[in-house]
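# Examining the three-dimensional arrangement
Chain by chain, the residues:
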Amino acid sequence: MTETIRLLLCILIIPNVVLGMAAGLILLERRLLAVWQERLGPNRVGPFGLLQPLADAIKLLTKEDWIPPFADRPVFVIAPAIVMATGILTCAILPIAPGVGIVDDLNIGLLFFLAMSSLGAYSVLLAGWSSNNKYSLIGGLRSAAQMLSYEVFMGLSLMGVVILTGTFSLREIVEAQRDGWFFIPQFLGMVIFMLAGLAETHRMPFDLPEAEAELVAGFHTEYSSMKFGVFFIGEYAGVVVVSALMTTLFFGGWLGPWLPPIVWFMLKTLTFICLFILMRATLPRPRYDQLMALGWKVMLPLSLLNVVVTGAIKLATTGDGG
Amino acid sequence: MNPIPMEQSLMVAAMLFSLGLIGLLVRRNVIFMLISIEIMLNAAGLAFVVAGSHWQAADGQVMFLFIITMAAAEVAIGLALVLRLQSDLPTLDVDAMDQLKGGDDA
Amino acid sequence: MFWLTSIVAIVATLLAISRLNATHALLYLIVSFLSVAVLFLQLGAPFVAAIEVIVYAGAIMVLFVFVIMLLNLGPHAVEGERQLLPPHAWIGPGLLAAVLLLELLMPLSNNQFIPTTGTAKHADHSTIPTIPTEAAPQLQERMVVGPKEVGIKLFSTYLLAVELAGFLLLAGLVGAFHIGREEPRTSAKPGAMEVPSQEGPA
Amino acid sequence: MLNYLALLPTLPLVGFLILTAFGKSLSKRSVVAIGVGSMALAAMLTIGIAIHFLSAPPPGHVFEQHLWTWFQVGDLAPGFSLYLDALSLAMILVITLVGFLIHLYSAEFMRDDDAYARFFAYMNLFVSLMLILVLADNLLLLYLGWEGVGMCSFLLIGFWYKKPENSKAAQKAFIVTRVGDTAMAIGLFLLITQLGTLDIQELGVRASEKWPVGSGMAVAAAALLLGGAVGKSAQLPLQTWLPDAMAGPSPVSALIHAATMVTAGVYLIARTHALFALAPVVLTAVMLIGLLTQLTAGISAVHQRDIKRILAYSTISQLGYMFFALGVSSNGAAINHLMTHACFKATWFLAAGAVIIAVNHEHDIFKMGGLGKKLPVLFWTMFFAGCGPFFSKDGILAEVWFSDTGGPFLWLLGLFGVFVTSIYLFRLLFTVFLGPLKNDVHWKPGLAITIPLVILATGSVVGAIVEYPRLLGYHPYATGTEAAHASPYLHAAIGKIAVGVALAGIYVAYRLFVRHKHYEAGEVVVPHITLRMRRLFAAGWYFDRAYHAAFVVPFQATSRFLRSELIDRGYDAVVALVQTGHRQIRRSQTGRLRWYAAGIAVGAVFCLGAVLL
């Protein structure tokens, strides 16, 4: 019985926490950017501007939900739903702390994450296509190519961890890091995963699908009101998930001294979120062909190398081909 | 979870396959024909996995992996062809692409 | 649960083959694939379920959508499609497929291909250590065949086939690149497909 | 030193490879350095090996070097093994030394040719393969060299391939020798199946164990090998290719068609003598072939006008002498004549080549004359070289007289051959070099040409005094002649009669061509011979015409008959049937993809139905 209650609580709380964090992130990002750019940022609504996300939400909800007449209506509506759905579904596998998590021990947890992130590509693609607008279409095309390309070695970069632990289960991966976090043996994998994660979530500097300077606003040009809000939140949810996965896969998840596990997990995740924002604040946006070249000509070989070397070392140390 | 009887699963696979076949025969648009082929391949894969699951063996899943590999290669070539056809002929109607049919000379 | 998934799969497939708009058809097809993935999960094959989503739904179908977007078929395409698809076109193929389906279903209903108790065939497959020979036919508790078993099988028994599949993918890559070469942007894309499907099982 | 034996064929082969790979980009100077240099190294190596072999003979006077096993099929495992004994030593000396001198000569002779590198590449390849041929310790390796030198001969006869007649001559040489080579290949198969080995020494042992003297198998095997030898050495009836082979450059004629390759047949018989000894019938055939060849070819030579064709017929005739000697089992005399003849004929061919260039590519000896004063070196080297072989021929004739199978009658016929030989040789010499000057000399040979000529002429003269094979320790002489050798006086006396005959021949030639000026009329030895006979002799006894009638004409007739396609009518019906069928079936090829897919589906329905019902 308690098990059921625990599960229900997790199901209720975790997605909401992630979404809440995503919303809060908007504020955090704006504040941090302001700090790094030596200006104030939003500070009027509530103490330190803490209520700013709420105000944004109210604004978005009350705006007119306009669907362009030239759009493909059903697809136009579905597209933002997909990003939300995949984002929330990914939360299911996050092992936040022992006993805290929705699907406690999915043996293909890592694959599930990859599956969801590949499905996430549809939302952008379909949004771009259904808007029936050439900027949106180009944005959609770009994102499709980008996500396809970066998904490849995102998966590959994680294989190093999988080789070391011999499992796809996130919980077991965390447990395996009791003796040492994987970012040391898998440093290359971590860097690649982080870059791929940036691209997957269309964060700066890889935000070409929505590059304002070139494509108005890319795939969500035609979106307004809460549909736009959903895209927005979805993107930040992606950031949270990727940061959480970084924590889980390379930085020992909930493991840590003194503090309770859940706090450790939150702290680590927050660090990576801040890192993401810092990147946005500092790095310029590459050209599209540069982005693809980086993916196929640098990252893919590197991640393959990572897999091969890790596999070879594993074979050599265990001496067991099986 | 209740075990799923093999017969029913195979029936689903058979139905999916038949639907794919209908699609392949009915549609004249190349893209839809490719889609139908994917359906059929997927149905075949489902049958393999069902069989593998019945025998508790990994072989069925292995075969599915091979099918998916083949499907990927096939789609890559097929879609490249579609793009070329679209630029060479102004249509995607497969019945218009009969230039290779035999002439009257021997 | 099984029936629900199956019905979703079949209905989605039916819709996929009958849509006039290619994107809508693809969306239904993706739904169909996702439900097949759920079927896989229920059948105790989580690994291929994930692969189905990642590769089939996530990569191959994205490629389809991608190409459709490149072709940029407008509303007139739907109209043209309607002309290509008169209602009577369904009759012949429908009948043919129905006969085939009937033939496929016949042995299933006869239980002709499914041994009921532990026969010699079972002994062949009892090499998997986790399953008692007698337990398998009873189908009482379905064991999950996880990625590890698949991987071991893949890289021992089927090693040659894996390499051949690699060749096939390479051939597909080169072929797609060659065919689509006049349009570099599109030609790179079909090639991009190969790697996820190849590395997925690894 | 002997261990470097394997290097011997390798050196020219490396030269060949370099010239083939980089020939086009090399300067002529470096082509010479590679082509001639590799031969010079090989010649020095050979001399070193010879000195070692003679000063410190290996056990049994045989040195074997196994390089690797070529391949293995069942029991048959021919090795890539080299076998050096006195016989092969004599051969490699001839090949590398004469070969080197001819290469040196070619460096000047071919200077103006565009395909300089190609020429030296072929020549190097030829030498390499010829060395493999003579050093092979099994017949298969020998056959490799055998076919290889045949190929090089083909390439070099047709060296100026842009002239159609040269290509035709090359083809003729290739095809005619093919007849003999096929016989030899069959002989090899026979030996493999019957004796299970191709190792030459082993072959001799097993054959004498298994086959009694004169048994059918031994005769067959020996006769088939003889076929190969006859083809390669241009003996009756396969001699027709050699006169035409003169289309190649003169150094090629000297090296391949006088000194080395054509003697391969002689070498083969000497090498597999154990087999021939088991088949006395075949040995008699060898003797008769040799005799007939030397007589017919000698008479033909007297009637030729083309300087190189005279030498070609002369070569055939001299090879006939060698076969003659082999036929009476006097291998030593044969090899002795081979070596002196190599020097002699190489000199003559090279000098003839120089003469031809000097008189602006004129081949007809009756259009030359009085060149002795202009080109004294050529004249004197030819003169001295021409004297040498008479003495080795004396040896052969003496052996014939004393041998069991020979006798005074055959000796007499051989003697007549000597007479003819001296007539045609000095006919050439007198006509070209004496008398009034008919041509201007445009060109004088340089050092690279005169030095080889002088050395080769010296070699020929020395050969008249010393018996080279005996020097090298090779002295199997005819059975029954031991007694004669025991009393060298008698032996020498019999031989020296031939020298007298030769001198008589020279006198006749002098009378006919210098004193009586027959050369001016452009005619011929014996005035009483009818015109018809003269034509017969000049055309080489009409062998070409006979072959044309016997093989080419029937073949063409058959082809013409078959061209009317009588047999094809039956097949036409089949074709028509197939065509009709395919026209019907083609209707299903609508080019519509869906139609095909439906076809597959219907097929699947039927197949499944068939399984179920």
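Residue positions are given per chain, counting from 1 as you read along its sequence in written order. Chain letters and ligand numbers both follow the written order, the letters beginning at A and the numbers at 1. pLDDT decides what is reported in this predicted model: residues at 70 or higher carry local features, side-chain atom pairs at 80 or more are listed and counted, and totals for whole chains, interfaces and linings draw on all residues regardless. With hydrogens and water excluded, all non-hydrogen atoms of the structure serve as input to the side-chain values.

### Describing the overall build of chain C
Applied cut-off: A run of H or I in DSSP counts as a helix once it spans at least four residues, and a run of E counts as a strand once it spans at least two, with each numbered from the N terminus. The rule is simple: take the accessible area with a 1.4 Å probe, protein chains only, and divide by the maximum for that residue type; under 20% is buried, over 50% is exposed, in between is partly exposed. A contact between two residues is defined here by any heavy atoms of the two lying within 4.5 Å.
Helices and strands together make up the secondary structure of chain C, namely eleven helices and zero strands. Ordered by position in the sequence, the α and β elements of chain C form the string α-α-α-α-α-α-α-α-α-α-α. Here chain C holds 202 residues, and the buried ones make up 50% of them. Counting contacts in chain C only where the partners sit at least 6 residues apart, residues at least 24 apart contribute 57% of the total.

### Let's talk about the overall build of chain B
The criterion, for reference: Values of accessible area rely on a 1.4 Å probe in the Shrake-Rupley scheme; residue burial ignores everything except the protein chains shown.
Helix and strand counts for chain B stand at three helices and zero strands. The helix and strand sequence of chain B, counted from the amino end, reads α-α-α. The buried share of chain B, reckoned over its 106 residues, is 66%. Here the contacts in chain B between residues at least 6 apart in sequence split such that 56% fall between residues at least 24 apart. Accessible area for chain B stands at about 3500 Å²; split by element, carbon and sulfur atoms hold 64% of it.

### Observations concerning the interface of chain C and chain B
Heads up, the rule is: The term buried area denotes the loss of accessible surface (1.4 Å probe radius) that occurs when two parts are joined, taken as the sum for both partners. Whenever Lys or Arg places a side-chain nitrogen within 4 Å of a carboxyl oxygen from Asp or Glu, that contact is recorded as a salt bridge. Side-chain atoms alone can form a polar contact between residues adjacent in sequence; in general such a contact is a pair of N or O atoms within 3.5 Å, and within protein one must be able to donate a hydrogen while the other accepts it. Three classes are used, and their members are as follows: Ala, Val, Leu, Ile, Met, Phe, Trp, Tyr, Cys and Pro are nonpolar, Asp, Glu, Lys and Arg are charged, and the others, Gly among them, are polar.
Contact with chain C, which involves 89 residues of that partner, is made by 67 residues of chain B. Roughly 7300 Å² of surface becomes buried between chain C and chain B when both sides are summed, with 79% attributable to carbon and sulfur atoms. Remark: the boundary between chain C and chain B carries one salt bridge. Among the ionic pairs, Asp59(B) bridges to Lys153(C), the shortest N-O distance being 3.5 Å. Across the chain C-chain B interface, the total number found is six residue pairs in polar contact (both at pLDDT 80 or more). Examining the composition of the side of chain C that touches chain B, we find that 14 residues originate from one element, helix α3 (residues 46-71) of chain C, more than from any other. Broken down by class, the residue content of the side of chain C that touches chain B amounts to 64 nonpolar, 16 polar and nine charged.

### Quick word on the confidence of the model for chain C
Residue and element names in this part refer to chain C. Cut-off, in case you're wondering: One confidence number per residue, pLDDT, is output by the predictor and ranges from 0 to 100.
In this model, chain C carries a mean pLDDT of 72, and residues with pLDDT of at least 70 account for 70%. Predicted confidence is poor over residues 115-140, with pLDDT under 50, and the contacts of this stretch with residues over four places away or in other chains come to 21 contacts. Here residues 184-202 scores under 50 on pLDDT; set against residues more than four positions off or in separate chains, the count is 51 contacts. Predicted complex, confidence summary: ipTM 0.68, pTM 0.54.

### Here's the deal with the packing of helix α3 (residues 86-109) of chain D against helix α4 (residues 116-135) of chain D
Residues and elements named next belong to chain D. Cut-off, in case you're wondering: All axes here are fitted lines through C-alpha atoms, helices being fitted over the stretch that makes contact, and every angle between N-to-C directions spans 0 to 180 degrees. Angle categories are assigned with fixed cut-offs, so that under 35 degrees is roughly parallel, over 145 is roughly antiparallel, 65 to 115 is roughly perpendicular, and the rest are oblique.
Contact geometry of α3 with α4 gives a least axis separation of 9 Å together with a crossing angle of 175°. It follows that α3 is roughly antiparallel to α4 by the angle criterion. Across the interface between the two elements, Ser88, Met91, Ile92, Ile95, Thr96, Ile102, His103, Ser106 and Ala107 from α3 touch Tyr116, Phe119, Phe120, Met123, Asn124, Val127, Met130, Leu131, Val134 and Leu135 from α4. Counted by class, the contact of α3 with α4 contains 14 nonpolar, five polar and no charged residues.

### Regarding helix α7 (residues 200-210) of chain D
Residue and element names in this part refer to chain D. So the rule is basically this: Note that the arc is computed from the directions linking the helix axis to the C-beta atoms.
For α7, the set of buried residues is Ile200, Leu203, Gly204 and Ala207. Relative to the axis of α7, the buried residues are bounded by an arc of 100° and lie together on one face. Looking at the buried positions of α7, the neighbouring elements they touch are α5 (139-157), α6 (164-195), α11 (264-271) and α12 (273-277). Looking at where α7 begins, the residue whose side-chain oxygen comes 3.2 Å from the main-chain nitrogen of Gln201 is Asp199.

### Quick look at the confidence of the model for chain B
A low pLDDT score tells you not to read the predicted coordinates there in detail. Scored by pLDDT, chain B comes out at a mean of 80, with 82% of its residues at no less than 70. No element of chain B has a lower mean pLDDT than helix α1 (residues 6-26) of chain B, which averages 85, and none a higher one than helix α2 (residues 30-54) of chain B, which averages 87.

### What about the nonpolar core?
Definition in use: Only buried Ala, Val, Leu, Ile, Met, Phe, Trp, Tyr and Cys residues count toward a nonpolar core, and they belong to the same one when joined by side-chain atoms within 4.5 Å.
Within the largest apolar cluster, 196 residues are counted, with the highest numbers of intra-cluster contacts made by Leu84(D), Leu142(D) and Leu191(D). Residues in contact with Leu84(D), not counting those within four places in the same chain, are Leu2(D), Leu5(D), Ile49(D), Phe53(D), His61(D), Val62(D), Phe63(D), Leu89(D), Ile92(D) and Leu135(D). Membership of the second largest hydrophobic core comes to 185 residues, among which are Leu119(A), Leu83(B), Leu27(C) and Phe66(C).

### What about the pattern of salt bridges?
Residues and elements named next belong to chain D. This structure, assessed with the given rule, holds eight salt bridges over all chains. A salt bridge links Arg309 to Asp244; the nearest nitrogen and oxygen atoms lie 3.4 Å apart. Taken together, the positions of Arg309 in helix α14 (residues 307-327) and Asp244 in helix α9 (residues 241-244) put the pair 65 residues apart, joining distant regions of the chain. Between Arg305 and Asp364 there is a salt bridge, with the nearest N and O atoms lying 3.2 Å from each other. Of this pair, Arg305 sits in the loop between α13 (280-302) and α14 while Asp364 is found in the loop between α15 (331-358) and α16 (376-402), placing the two residues 59 residues apart along the sequence. The structure contains a network of salt bridges with shared partners spanning Glu147, Arg178 and Asp181.

### Quick word on a nonpolar patch on the surface
Residue and element names in this part refer to chain A. Keep this limit in mind: The residues that make up patches have over 30% relative accessible area and no salt bridge, and they are joined within 9 Å when like-charged or within 5 Å when they are Val, Leu, Ile, Met, Phe, Trp or Tyr.
On the surface, a nonpolar cluster with roughly 1000 Å² of combined accessible area is contributed by Ile5, Leu9, Leu12, Ile13, Val17, Trp258, Leu259, Ile262, Val263, Met266 and Leu267. Broken down by secondary-structure element, the contributors of at least two residues to the nonpolar patch are α1 (2-36) and α10 (261-282). Broken down by element, the nonpolar patch gets its largest block of residues, five residues, from α1.

### Things to note about the side chain of Thr296(D)
Residue and element names in this part refer to chain D. Checked against the element boundaries, Thr296 lands in helix α13. Within polar-contact distance, the side chain of Thr296 engages the backbone oxygen of Thr293 at 3.1 Å. In contact with Thr296, other than residues within four places in its own chain, are Leu236 and Trp541.

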